[in-house]
Structure formats: structure tokens, C-alpha cells
Amino acid sequence: MVRVRFAPSPTGFLHIGSARTALFNWLFARHEKGVFILRVEDTDKERSKDEFLREIMSSLKWLGMDWDEGPYFQTKRLDVYRDYAGRLLKEGKAYEEEGKLGGEKAIILKMPKGTLTMEDLIHGPVAFDMSLQKDLVLIKSDGYPAYNFACVVDDYDMKITYVIRGDDHISNTPKQLAVYEALGIKPPKFAHIPLILGTDRSRMSKRHGATSISDYKEAGFLSEALVNYISLLGWAPTDNREMMPLAEIIKEFTLERVGKTGAAFDINKLTWMNGEYIRTKDAKELIELMTPVLAAKKDLNINNKAKLLEVVKLFQPRAKTLVELADSAVFFFSDKVEYDEEAVKSVLEVEGVKDKLKALIERFGALETFDLQNIEDCVRKLATDLNIKAADLIHPIRVAVTGRKVGASLFETVVLVGKEKTLERLKGALDKTR
Ligand code: GLU
């Protein structure tokens, strides 16, 4: 039975790199019908915080990664580590050392000589020259286990069969192999996955943009899009498809198809993919997902749910994030338009626009039924009468009504904004013309 674990240290939010590690473990477990375990490595007293743990767990859940066992907490297993360390002391494989700052005696492992080899499923066999390793602290003088010891004891005790983690842990592996050897137990299989890089190929960090999963949630990304995108960071299906429903990813996920070289995180690609997912989603579901974003917007009075649904359907084909989609609702439900300065300059502050807007106000005002057909006919007729292109009316209308130069279909937008508000905004825009 395959047993894997995700072992976060709650010393920060769940970032993209750790989420990818969690995801690869989870996908592998689901593919193999194995067990996915959550283990909290909280032995760093100073830096571990409940707040981080809560965020990590809620981000995992939001991404859909459910765990079958745990969370296990290392701080609740101190006796277990002490027992194992005691055994090594008794066998003469470890020794005690007086702590510099008092406290308990630390327990230190003597390093073996020669080389130890790790069989890595991604990198192949890697040999470590153990003469380069210093003796290893197992239990610190504060009574807590060191990471490399607790990790091995837990992986053994929890019957982990595969350790899938970031490449940055390769340097810990010889230390862990020494612990396995001293305990006389067989190490699990290792799969060290390549780091995530920024588009400039350096290790991904804050400087490349948001790194925590909660930032992406807040920025209006869908969890399905994020999971799909992250799954492709270092892994690819046989046919190199990109848009893949989760069930397909699970079906195709094998460690053989994880690459050796770093995978670049490309926000533009993630954003594109998010737009694709938004398009396939049910509009009602999108509204639900947008609720917190909409609630945060002041001056927004969404009094008409049916209209909101139409607005979402209108903008769904072009929105790339939920935040963008929510922004588009603003033209319809807010009393004032926020004008994009550049749009005003290049479209409204142009010779002749004042007269065009005046003519539009008159003709729109005269429309009995303010529907798609009538509005479109009206605009085209006015263009013919003035001997100009329809676009020369459409652009000023768009900026006057939405404040922006681009957006969804103008006529549909105007219908949804409604006659009263459209006229009000066209009149308001007269002040911005020359
Ligand atoms: N707590 C370690 C980390 O967050 C886990 C390393 C491992 O998976 O062995 O990096």
C-alpha cells in the first residue's frame, strides 16, 4: 500500500512550492489508491504559529486536498523521538553532550564512514560521501528533536513508502540516511522534485509576485485552475495536454513523468488558464464564489439578483479572474462611474464628441423600448445621419457608460445598465468633453 505524507512546518503561509509538493503527494496517493497523511512539523518553537497552521490547512482544503490520516503533530510525539534516541545511545551509536546554555543534554549521532546511496526516482542513484558530514544532533538541548531525526522516525513510524519533497531537501538526505542506517531500518523511496523558478529561471520568491495560495485565492483565482496549473509545474501528461480536469490528472499522474529540471512559474499562463476555467463554470456558481469580493466593494448596491446573473453571463467570456468579473459588475450596480483617465483623454476629450453625445442623449431618450435591437438600430441610424462610422459613437458611449475603453459587447452592456442610468451617464460625460 502506498503511503505518502505532506509535512509542512507551520512557519509561514502555504506557498506555491509547498502546495505543489502537497499536490504531487496527493495526486500520487490518489492515483495509487494509497494513503495521504498530513504531518505538522512544529518543532521550531519560535517560528511555529497556530495562525500559519490554520492557513495551511484551509488552503489545502480549498485546493481540494483531503488527507486520510492526521494531522499528526511532532510536538505531541516527543516521547517517541526520545525512545528512539535512547536506543541509539544504548547501542553506542549516539552520545550525549552538555548544552551550551544549560538545559538538557543534547543527543548526537556519530556519522558512519564511507558512502551512503539514495535511490531517487527522479534523479536516479545519488551517492553521498559521509566523511563530509558532521555528527548529527538528534535531540536538542531544549528536549525537542532536530528535523532530520524527527522526520526519519516519523516516516518509519507512519510507514511512509515514498518521500516526495522539494529538491532543496536533497542536502538533508545523507543525514537522514545515516539515521536510517543507525536504526537498522530500510529507507523509503525518495522522489525529490525540482524547484519552482520564476520566469527569469531563478528560484521563485516574493520578488516574482505573490507566493502564497491565499493571495491567489484573494486575487480571484479558482481552485481548479490553480490545481491544474500547479500540477503542470514539473509534471506533464503523456500527450502534453494543458487543460485537464482533476480526474484526468489523477488518472495520468506518475512519478516517471516528473522532470529533473526546474519548472518556471508563469503568472500569465496561470491567468489564461483561470479565464478558461471561468468560462466553463456555471454563472450562478461564479456569483457565489464572487460574494466575498463583491461584499468588499463599497458603493455597490446589488438589488437585483437576476440582473447580476445577466451581468456575469455577459462578462464571463472575457474575465480572467473573479476579481475582474466582480469589477465589471460595478458599472451596473454603482451610482458613479470610475473613469479611466487615459480613456477620457483619448476618447471623450476629442473634437466633436460633445455633439455626438448630445445627439445620442436625444435619440436614446426618445426610445420607447430600450432593448438590444432598438439601441443598436438607433446608434447605426445616427451614424448614417451624421455620416460617420458606428465605431465613432460606440467608443464614446462605452467610455461614458463604463469609464473604460474595453469591455463586453457595448449594446448588451447598455441594455443591462438600463435607460435611466445610461442617459444619466451620457449627460454626466458631457462635462468631460471639450
Ligand atoms: N517540514 C519540512 C518542510 O516543510 C518537510 C520536509 C520533508 O518533506 O521531509 O520543508
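The preceding data block contains the structure.
All of the points below concern the structure found in this document.

The rules behind each value
- Residues numbered from 1 in each chain as written.
- Predicted model: local features only at pLDDT ≥ 70, side-chain atom pairs only at ≥ 80, totals over all residues.
- Heavy atoms only, no water.
- Buried < 20%, exposed > 50% of the residue type's maximum accessible area, 1.4 Å probe, protein only.
- Helix = DSSP H or I, 4+ residues; strand = E, 2+ residues; numbered from the N terminus.
- Pairing = 2+ DSSP bridges.
- Axes fitted to C-alpha atoms, helices over the stretch in contact; angles between N-to-C directions.
- Lys, Arg positive; Asp, Glu negative; His and termini not counted.
- Salt bridge = Lys/Arg side-chain N within 4 Å of Asp/Glu carboxyl O.
- Contact = heavy atoms within 4.5 Å.
- Near = heavy atom within 4 Å.
- Polar contact = N/O pair within 3.5 Å; in protein donor to acceptor, adjacent residues only side chain to side chain.
- Areas by Shrake-Rupley, 256 points an atom, 1.4 Å probe, with all protein chains shown as cover.
- Parallel < 35°, antiparallel > 145°, perpendicular 65-115°, else oblique.
- Nonpolar A, V, L, I, M, F, W, Y, C, P; charged D, E, K, R; others polar.
- Core = buried A, V, L, I, M, F, W, Y, C linked by side-chain atoms within 4.5 Å.
- 1 Å grid on protein atoms, 1.4 Å probe; cavity = no way out; pocket = protein on both sides within 12 Å on 5 of 7 lines; lining within 4 Å.
- Points joined across faces, edges and corners; volume = space filled by probe spheres on them.
- Expected span 1.5 Å × (residues − 1).
- Phe/Tyr/Trp six-rings, centres within 6.5 Å; stacked < 30°, edge-to-face > 60°.
- Lys NZ or Arg CZ within 6 Å of the ring centre and 35° of its normal.
- Left-handed = near helix turned anticlockwise from the far one by under 90°.

What about helix 5 (residues 173-183)?
In terms of residue burial, helix 5 counts as a mostly covered element, since nine of its 11 residues are buried. Inspection of helix 5 places Thr173, Pro174, Gln176, Leu177, Ala178, Val179, Tyr180, Ala182 and Leu183 among the buried residues, and these make up the whole buried set. Phi turns positive, to about 70 degrees, at Gly184, one or two residues after helix 5.

Structural notes on the sheet that holds strand 8 (residues 136-139)
Reading across the sheet, the three strands line up as 4-5-8 and stay open at both edges, with antiparallel pairing between neighbours. With one partner strand each, in any of the chains shown, strand 4 (94-97) and strand 8 form the two edges of the open sheet. If you compare each strand with its neighbour and ignore which way they point, the axes differ by 40 degrees on average. As judged from the three bridges shared by strand 5 (residues 106-109) and strand 8, these two strands associate in the antiparallel manner. Considered in strand 8, the bridge of Leu109 is made with Leu136.

A look at the side chain of Arg398
Of note, Arg398 is situated in helix 16 (residues 391-402). Summary of buried charges: Arg398 has no salt-bridge partner, and the nearest side chain of opposite charge, Glu412, is 9.9 Å away. Excluding its chain neighbours within four sequence positions, the residues that come into contact with Arg398 are Gly403, Arg404, Lys405, Val406, Gly407, Ala408, Ser409 and Leu410.

Considering the pairing of strand 5
Every second residue of strand 5 is oriented toward a common face, with Ala106 and Ile108 on one face and Ile107 and Leu109 on the other, all of them buried. Both strand 4 and strand 5 contribute to a ladder of four bridges, which runs antiparallel. When the sheet's bridge partners are listed, Glu97 is paired in strand 5 with Ala106.

Thoughts on the site of the ligand
The full set of residues close to the ligand is Arg5, Ala7, Ser9, Glu41, Tyr147, Cys151, Arg165 and His169. With respect to the ligand, the side chain of Glu41 contributes an N or O atom lying 2.6 Å from a nitrogen atom. Contact with the protein chains hides 79% of the accessible area of the ligand, taken as 300 Å² for the molecule alone.

Quick word on the packing of helix 14 (residues 353-366) against helix 16
Where helix 14 meets helix 16, the axes come as close as 10 Å, and the angle between the chain directions of the two elements is 85 degrees. The orientation of helix 14 with respect to helix 16, classified from their angle, is roughly perpendicular. Residue-level contacts link Val353, Lys356, Leu357, Leu360 and Phe364 of helix 14 to Asp392, Leu393, Pro396 and Ile397 of helix 16. For the contact of helix 14 with helix 16, the per-class residue count stands at seven nonpolar, no polar and two charged.

Brief notes about the sheet that holds strand 2 (residues 35-40)
Two modes of strand pairing occur in sheets, parallel and antiparallel, and in both the strands are linked by backbone hydrogen bonds. Judged by pairing direction, the sheet is parallel, and its three strands sit side by side in the order 1-2-3 without closing on themselves. In the strand order of this sheet, the two ends are held by strand 1 (3-6) and strand 3 (69-73), each with one partner. Adjacent strand axes in the sheet meet at a mean angle of 25 degrees, parallel and antiparallel pairs treated alike. For strand 2 and strand 3, the ladder comprises three bridges, and the chain directions are parallel. Across the sheet, the residue bridging to Ile37 is Glu69, located in strand 3.

Concerning the nonpolar core
Membership of the largest hydrophobic core comes to 110 residues, with the highest contact counts inside it found for Ile16, Leu60, Ile164, Phe265, Leu360 and Phe364. It is helix 1 (residues 16-31) that provides the largest number of residues to this core, a total of nine residues. For Leu60, the contacting residues outside a window of four places in its chain are Phe6, Leu14, Ala22, Leu38, Met65 and Trp67. Membership of the second largest hydrophobic core comes to 35 residues, among which are Ala94, Leu116, Met118 and Ile139.

Regarding the pairing of strand 10 (residues 189-193)
By the criterion of burial, strand 10 is predominantly enclosed, with four of the five residues buried. Looking at chain direction, strand 9 (residues 162-166) and strand 10 are connected through five bridges and run parallel. From the neighbouring strand, Val163 faces strand 10, where its bridge partner is Phe190.

Remarks on the layout of surface pockets
There is about 1100 Å³ of room inside the largest pocket. Among the elements of the structure, strand 1, helix 1 and strand 9 are those that each provide at least two residues to the lining of the largest pocket. Counting residues per element, the lining of the largest pocket draws most heavily on helix 1, at five residues. Tallied by class, residues from the lining of the largest pocket come to 16 nonpolar, 14 polar and 12 charged.

Observations concerning helix 2 (residues 50-62)
For the α-helix, the turn length of 3.6 residues means that residues three or four positions removed from each other point alike. The end-to-end C-alpha distance of helix 2 is 18 Å, a good match for the 18 Å that 13 residues give at a rise of 1.5 Å each. Looking at the packing, one finds that the buried side of helix 2 touches strand 1, helix 1, strand 2, strand 3 and helix 6 (213-218). Gly64, located one to two residues past helix 2, shows a positive phi value of around 90 degrees.

Section: the packing of aromatic side chains
Within the structure shown, the criterion is met by 10 aromatic pairs. Where Tyr216 meets Phe221, the ring centres are 5.5 Å apart and the plane angle is 65 degrees; that geometry is what we call edge-to-face. Across this residue pair, the class does not change: Tyr216 and Phe221 are buried. One aromatic cluster is present, formed by Tyr216, Phe221, Tyr229 and Phe265 through successive ring pairs. Arg20 extends its terminal NZ or CZ atom over the ring of Phe24, reaching a point 5.3 Å from the ring centre.

Thoughts on the packing of helix 14 against helix 18 (residues 419-430)
For the pair helix 14 and helix 18, the least separation of the axes is 10 Å and the interaxial angle reads 160 degrees. On the basis of their axis angle, the class for helix 14 and helix 18 is roughly antiparallel. Of the two elements, helix 14 crosses helix 18, and the hand of that crossing is left-handed. Contacts between helix 14 and helix 18 involve Lys354, Leu357, Lys358, Leu360, Ile361, Phe364 and Gly365 on the former and, on the latter, Lys419, Thr422, Leu423, Leu426, Lys427, Ala429 and Leu430. Class assignment of the residues belonging to the contact of helix 14 with helix 18 gives a composition of eight nonpolar, two polar and four charged.

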